[in-house]
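Next come the chains, spelled out residue by residue.
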Amino acid sequence: MAKEQEYIRRITCEVSKKINRTPLHVTNYPVGLVPWVQQVMSLVDLWPNEEVNMVGICGIGGLGKSTIARAVYNSIADHFDGLCFLSNARETSNKHGLLYLQEILLCKLVMEKDLKLGDSDKGISIIEHRLHQKKILLVIDDVDKLEQLEALARRCDWFGFGRRIISTTRNKHLLACHGIKRIYDVMELNDEEALQLFSWNALKKENIDFSYLDISNNIILYSCGLPLALEVIGSDLCDKMIDEWKYAFDKYRRIPNKQVFEVLKLSFDTLEDREKEMFLDLACFFKGEKLDVIKTLLSF
Ligand SMILES: Nc1ncnc2c1ncn2[C@@H]1O[C@H](COP(=O)(O)OP(=O)(O)OP(=O)(O)O)[C@@H](O)[C@H]1O
Ligand SMILES: [Mg+2]
């Protein structure tokens, strides 16, 4: 009888966990996401395995790293005893410090409200002490400094067996520094996917009208398969006539859209002075050249 009651308790617990969990919003018009999510899931590899603990997702700003991370999180959340999706680690730690990140982590995983840690070393020992037996899924989104990974997940054994830690970042080097070997490089959308995402945002439907096709193809070329650019430009052109599209596109070519520009500029701002100079040299002397060509030229 006691055994049966235990089974019932466990089943009720599992079912209520699933029912009570609200999935994260992924994106308004998902395009091309399924195969990417599957590839990340194969890196995450849910099979209990000491070898796989951490997975990285990297790529430039606006490419869809956080979107993929949210979709993966929703798909695998039911396999864990504790869940934590830490959005915007870069912005949050810049604004409130590392300690605040640790407090959110503990708050979500041990359900203790208004936890005040005092200092980040104390945070580490509480995380270790309270979570080392818990099978957790932790997503640290938009990491830009090693110290963020160190404060939240310096060692995998801070968390229980079966844990998975997924980090998204623009800086692949950080992942390597933290010993993360399983890395997913996000690719740009191909032309067909880009057209679809643009159409959803600009016309609220899957396919572009024939009369808008030429100008749309120019916009796709200009956006280089970057979902953020397609979304921002598409929404900007929504409900406008074709002449306004042409006018707006001419303007974008002269003055880049501010929202997209700010996201991409962030990557430039984090470069060292010497790297900034190199970037500007490349941008001026090799403007419009193919990346492969430049790589070959510079390898001499
Ligand atoms: N596959 C996709 N389908 C539809 N929309 C997408 C897709 N990928 C990304 N987006 C949209 O593009 C925008 C940028 O995506 P996201 O925020 O995930 O980029 P990111 O790589 O995390 O950027 P950052 O480095 O600035 O954090 C979001 O508004 C998102 O909804
Ligand atoms: Mg992001």
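Residues numbered from 1 in each chain as written. Chains lettered and ligands numbered in written order. Predicted model: local features only at pLDDT ≥ 70, side-chain atom pairs only at ≥ 80, totals over all residues. Heavy atoms only, no water.

Caption draft 1: Region of the structure containing the site of ligand 1. With respect to spatial proximity, 20 residues lie near ligand 1, and among them Thr 27, Lys 65, Ser 66, Thr 67 and Glu 231 are the closest. A distance of 2.5 Å is found between an oxygen atom of ligand 1 and a side-chain nitrogen or oxygen belonging to Thr 67. Within the contact set of ligand 1, an oxygen atom lies 2.5 Å away from a side-chain nitrogen or oxygen of Glu 231. With the chains in place, 87% of the 630 Å² that ligand 1 exposes on its own is no longer accessible. For the shell around ligand 1, the secondary-structure elements that each account for two or more residues are helix H2 (33–44), helix H3 (65–76) and helix H11 (227–237). Along the lines of polarity and charge, the residues of the shell around ligand 1 split into 11 nonpolar, six polar and three charged. Counting only domains with at least three residues in the shell around ligand 1, you end up with domain 1 (2–185) and domain 2 (191–260). (Near = heavy atom within 4 Å. Polar contact = N/O pair within 3.5 Å; in protein donor to acceptor, adjacent residues only side chain to side chain. Areas by Shrake-Rupley, 256 points an atom, 1.4 Å probe, with all protein chains shown as cover. Helix = DSSP H or I, 4+ residues; strand = E, 2+ residues; numbered from the N terminus. Nonpolar A, V, L, I, M, F, W, Y, C, P; charged D, E, K, R; others polar. Domains from an automatic or database assignment.)

Caption draft 2: How the structure looks around the packing of aromatic side chains. Counting across every chain of the model gives seven aromatic pairs. Between Tyr 73 and Phe 85, the ring centres sit 5.4 Å apart and the planes meet at 90 degrees, which makes this aromatic pair edge-to-face. You can see Tyr 73 sitting in helix H3 and its partner Phe 85 sitting in strand S2 (residues 82–86), a full 12 residues away along the chain. Both rings, one in Phe 268 and one in Phe 279, keep their centres 5.4 Å apart while their planes meet at 55 degrees; by these two values the pair is tilted. Placement of Phe 268 in helix H13 (residues 258–269) and of Phe 279 in helix H14 (residues 273–285) is noted, with a sequence separation of 11 residues between them. Within the aromatic cluster, the residues linked to one another by ring pairs are Phe 198, Tyr 212 and Trp 245. A cation over a ring is seen here: Lys 135 above Phe 80, with NZ or CZ 5.5 Å from the ring centre. Here the basic side chain of Lys 276 rests over the ring of Phe 268, its NZ or CZ set 5.7 Å away from the ring centre. (Phe/Tyr/Trp six-rings, centres within 6.5 Å; stacked < 30°, edge-to-face > 60°. Lys NZ or Arg CZ within 6 Å of the ring centre and 35° of its normal.)

Caption draft 3: Broad picture of the sheet that holds strand S4 (residues 164–169). Taken together, the five strands give an open sheet; going across it, the order is S2-S3-S4-S1-S5, and neighbouring strands pair in parallel fashion. Edge strands, defined here as strands with exactly one partner in the open sheet, are S2 and strand S5 (182–185). Within the sheet, the average angular offset between the axes of one strand and its neighbour, ignoring direction, is 15 degrees. Taken together, the four bridges between strand S1 (residues 54–58) and S5 define a ladder with parallel strand orientation. Bridge pairing in S5 links Cys 58 to Asp 185. Packing against the sheet, H2 makes contact with S1, S4 and S5, and its axis sits at approximately 170 degrees to S5. Sheet contacts for helix H7 (residues 146–153): S1, S2, strand S3 (136–143) and S4; angle to S3, the most-contacted strand, approximately 165 degrees. (Pairing = 2+ DSSP bridges. Axes fitted to C-alpha atoms, helices over the stretch in contact; angles between N-to-C directions. Contact = heavy atoms within 4.5 Å.)

Caption draft 4: Just the packing of H11 against H13, in detail. Close contact between H11 and H13 brings their axes to 9 Å; oriented N to C, the two are set at 160 degrees. Of the possible angle classes, the one that applies to H11 and H13 is roughly antiparallel. Between H11 and H13 lies a crossing of right-handed hand. Along the contact surface, H11 presents Leu 228, Ala 229 and Val 232, while H13 presents Gln 259, Val 260 and Val 263. Considering only residue class, the contact of H11 with H13 consists of five nonpolar, one polar and no charged. (Parallel < 35°, antiparallel > 145°, perpendicular 65-115°, else oblique. Left-handed = near helix turned anticlockwise from the far one by under 90°.)

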